[in-house]
Amino acid sequence: MDALAQRVSALRASLQSSQGNTEGMVAILGSFDQRLSELEATIHPIQVRAHATQMAHENIDKAIKVADDILAQVVIVREAEATILRGPHVDLESYLKAVGHLKDAVGFFSSRENFTSKERFLNDVNALLSKSSLMIEEEFKRLTTTYSKPIEGDLILGSPPKLQWASDGDAEADGRNSAHSEHPSKDLETAICRTPALIPSRILPLLHTIAQKLVQDGNQQSCYKIYRDARRSALELNLRKLGVERLSKDDVERMQSDALEAKIGKWSKYLQITVKLLDGERKICDEVFEGISFNKDQCFSELAGTGVSVAKTLLSFGDAVAKSKRSPEKLFVLLDMYEVMHEVRSEVEVIFQDSSCSEMREAALGLMKLLAQTAHEMFVDFEELVENDTSKTNVHDGTVHPLTIRVINHVKFLFDYQLTLKLLLQEFETGSDTESQLAVVLTKIMQALQNNLDGKSNQYKDPALMSIFLANNIHYMVSSVRRSEAKHILGDDWIQRHRRIVQQHAKQYKMVAWGKAVQTLSIQVASSSGTSASSDLSSSGVSRAMIKERFKSFNMQFEELCAKQSLWTIPDQELRETLRLSIAEVLLPAYMSFVKRFGNLVENEKKPHKYLKYQPDELDQLLGEFFEGQQSVEQKK
């Protein structure tokens, strides 16, 4: 306990000592605070002066920066002004950049409240912007006007002749001048129709840029009107040169075939030109206003008004042709027109794709369907026309009938339109490939012709001439097919089968015409064995009178045959020579054998030439004059 009391006494003494130290320290710190207050009071004026000096420097720096910024904008405005005054035609890109700089300057000075010359400066810049807006609009007008000039139709069709819608008289002359062509309207195939470059490609980006600028600046209506008026004027001038006239169904039916073909040839060119011009206008309209908030469809619709009017006139002519009186020859002009309509179909659908042009699109597609339907019906019905042909043309010499020539020419012309016919068959036939369908129709046409010829052959009372007539016509059919594209469709089987028919008619002719004459040169007698056989005079007991009668009968028959058959005509040299040879192969050996056996019975007569009038080589020479026709006989006279 004593020890603990001692420790307590020591701790108390220590606490009293610490309190004394603390009070002493507080007294010292109090004196320091007083000194710091005196020092702060002395320094404060100096700090105020230093801060004022710093603020002054900062204000000066700010003022200098503002002055620099203003000066820089002034320099930019002056440079932009020089570019603007030079005009956009010098350098459009720099010009538009200068306009952008002016707009930036307007924004810059509008935010400068303390700039005393702000209003005057802003007025100057805004006036310059207004001037630039007028100049850019004028540049758009200048470019569209400068590059909206008429172009030659030749540049579209790629053919040298100038295009002019001929009068009826001119059309007939055109038809006569093109007589060397089997089908004049097919000359269109030599022309390469292409979309013209209505505006140079280097100008289109400029127009696009300016149009975009005009629309952004709120000048959409001005841009719309300038472009529409310029392009419409150019299109009108291009189409006016064609001189397209409106023709009705009655006008079409009054035309001669040559005049109609010439009209349709020009119609095809004009339609192609019109479509290509409209296609070109559609493309440049799309390119100029691509990506711009602008009703380009409406703009195109308005500028294309004249083109649509011309196109409607052309379509109405096509409609009149399709609905006019039908004839076999009309099929080819319909196919020509259908080809053209099929060629321009995809372009028409693109050109008139928007709803405002739907009427035009439907009219074009409607005409194409009408042409296809009419042509298909005429193509299929041609078989019936051939079989029921009742033309009264008499072919007295047994040559090729005009109907055969017309039908074969018709078939050969059809092969100029193989692709078109296959398109038609695809639309109206199903179940087999188009080539097979085409073969079926052509086979029916050829069979119809053959059936009609069989009927016409009944006009001949002479069965030999009937056979010549049929051999001539079937041979003409076969040889024409062999030399044309039809051979690939009708096939070798058809050719071989009809060649055999020709041979059958030739054989029938030989038997009917020469059987009796050859029989006259044959004498059948009874031999000692009681069988029938041919023999010479010494063993047969044939009388001299019979031989003389046989010679006279043969001479008379041969002369009658010569008189008739020298007037008959086989126009094909190969068939003519084949028949002559087949006659000679039968007649000459029989005649030579008869003369050899029985000639001595008449040689001693007073007038042997009455019986032996001809030597074998003379007969052969006379046979060589057969089937030359009336013209050859008259020439020899």
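- For the chain, an unreviewed UniProt entry supplies the name Exocyst subunit Exo70 family protein and the organism Triticum urartu.
- Turning to the chain, the UniProt annotation filed under Sequence similarities (unreviewed entry) states: "Belongs to the EXO70 family."
- Its UniProt record gives the chain a comment under Function (unreviewed entry), which states: "Component of the exocyst complex."

## Regarding the pattern of salt bridges
Part 1 of the reasoning: Applying the stated rule across the entire model yields 28 salt bridges.
Part 2 of the reasoning: The residue Asp217 makes a salt bridge to Lys213 at a minimum N-O spacing of 4.0 Å.
Part 3 of the reasoning: Close ionic contact of Glu290 with Lys296 constitutes a salt bridge, the shortest N to O distance being 3.8 Å.
Part 4 of the reasoning: The exposure class assigned to Glu290 is partly exposed, which follows from its relative accessible area of 49%.

## Section: the nonpolar core
Part 1 of the reasoning: Ranked by size, the top nonpolar core spans 164 residues in total, and within it Tyr509 and Trp514 carry the most contacts.
Part 2 of the reasoning: By residue number, the principal contributor to this core is helix 9 (residues 257–288), which donates 13 residues.
Part 3 of the reasoning: Other than its neighbours up to four places away in sequence, Trp514 contacts Tyr509, Phe558, Leu561, Gln565, Ile583, Leu587, Leu623 and Phe626.

## Thoughts on the packing of helix 16 (residues 434–456) against helix 17 (residues 463–482)
Part 1 of the reasoning: For the pair helix 16 and helix 17, the least separation of the axes is 10 Å and the interaxial angle reads 165°. Our classification of the angle between helix 16 and helix 17 gives roughly antiparallel. In the crossing of helix 16 with helix 17, the sense of the turn from one axis to the other is right-handed. Residues Met446, Leu449, Gln450, Leu453, Asp454 and Lys456 of helix 16 touch helix 17, and the partners they reach there are Phe469, Leu470, Asn473, Ile474, Met477 and Val481.

## A look at the side chain of Arg231
Part 1 of the reasoning: Along the chain, the position of Arg231 falls in helix 7 (residues 220–240).
Part 2 of the reasoning: With relative accessibility at 1%, the residue Arg231 sits in the buried group.
Part 3 of the reasoning: Setting aside chain neighbours within four positions, we find Arg231 in contact with Tyr147, Ser148, Leu198, Ile199, Glu281, Ile284 and Leu303.

## Observations regarding the packing of aromatic side chains
Part 1 of the reasoning: As enumerated under the stated definition, the model contains 14 aromatic pairs in all.
Part 2 of the reasoning: Between Tyr227 and Phe289 the ring centres are 5.0 Å apart and the planes differ by 80°, which places this aromatic pair in the edge-to-face class. Of the two residues, Tyr227 sits in helix 7 while Phe289 sits in the loop between helix 9 and helix 10 (296–303), which places them 62 residues apart along the sequence. A single burial state applies to Tyr227 and to Phe289, both of which are buried.
Part 3 of the reasoning: Taking the centre distance of 5.9 Å and the plane angle of 35° together, the rings of Phe332 and Tyr417 count as tilted.

## Focus: empty space enclosed by the protein
Part 1 of the reasoning: In this structure the tally under the stated criterion is two cavities of 30 Å³ or more.
Part 2 of the reasoning: Forming the boundary of the largest cavity are Leu271, Val275, Leu278, Ala311, Leu315, Met341, Val344, Val348, Ile351, Phe352, Met360 and Ala364.
Part 3 of the reasoning: Within the residue set of the lining of the largest cavity, elements represented by two or more residues are helix 9, helix 11 (305–323), helix 12 (330–351) and helix 13 (358–387).
Part 4 of the reasoning: In terms of residue class, the lining of the largest cavity is built from 12 nonpolar, no polar and no charged.
Part 5 of the reasoning: Computed from the structure, the second largest cavity encloses a volume of approximately 30 Å³.
Part 6 of the reasoning: Around the second largest cavity, the lining residues are Ile408, Val411, Lys412, Ser480, Val481, Ser484 and Ala486.

Parameters and conventions
Residues numbered from 1 in each chain as written. Predicted model: local features only at pLDDT ≥ 70, side-chain atom pairs only at ≥ 80, totals over all residues. Heavy atoms only, no water. UniProt positions renumbered as here; feature names shortened; annotations may be inferred. Salt bridge = Lys/Arg side-chain N within 4 Å of Asp/Glu carboxyl O. Buried < 20%, exposed > 50% of the residue type's maximum accessible area, 1.4 Å probe, protein only. Core = buried A, V, L, I, M, F, W, Y, C linked by side-chain atoms within 4.5 Å. Helix = DSSP H or I, 4+ residues; strand = E, 2+ residues; numbered from the N terminus. Contact = heavy atoms within 4.5 Å. Axes fitted to C-alpha atoms, helices over the stretch in contact; angles between N-to-C directions. Parallel < 35°, antiparallel > 145°, perpendicular 65-115°, else oblique. Left-handed = near helix turned anticlockwise from the far one by under 90°. Phe/Tyr/Trp six-rings, centres within 6.5 Å; stacked < 30°, edge-to-face > 60°. 1 Å grid on protein atoms, 1.4 Å probe; cavity = no way out; pocket = protein on both sides within 12 Å on 5 of 7 lines; lining within 4 Å. Points joined across faces, edges and corners; volume = space filled by probe spheres on them. Nonpolar A, V, L, I, M, F, W, Y, C, P; charged D, E, K, R; others polar.

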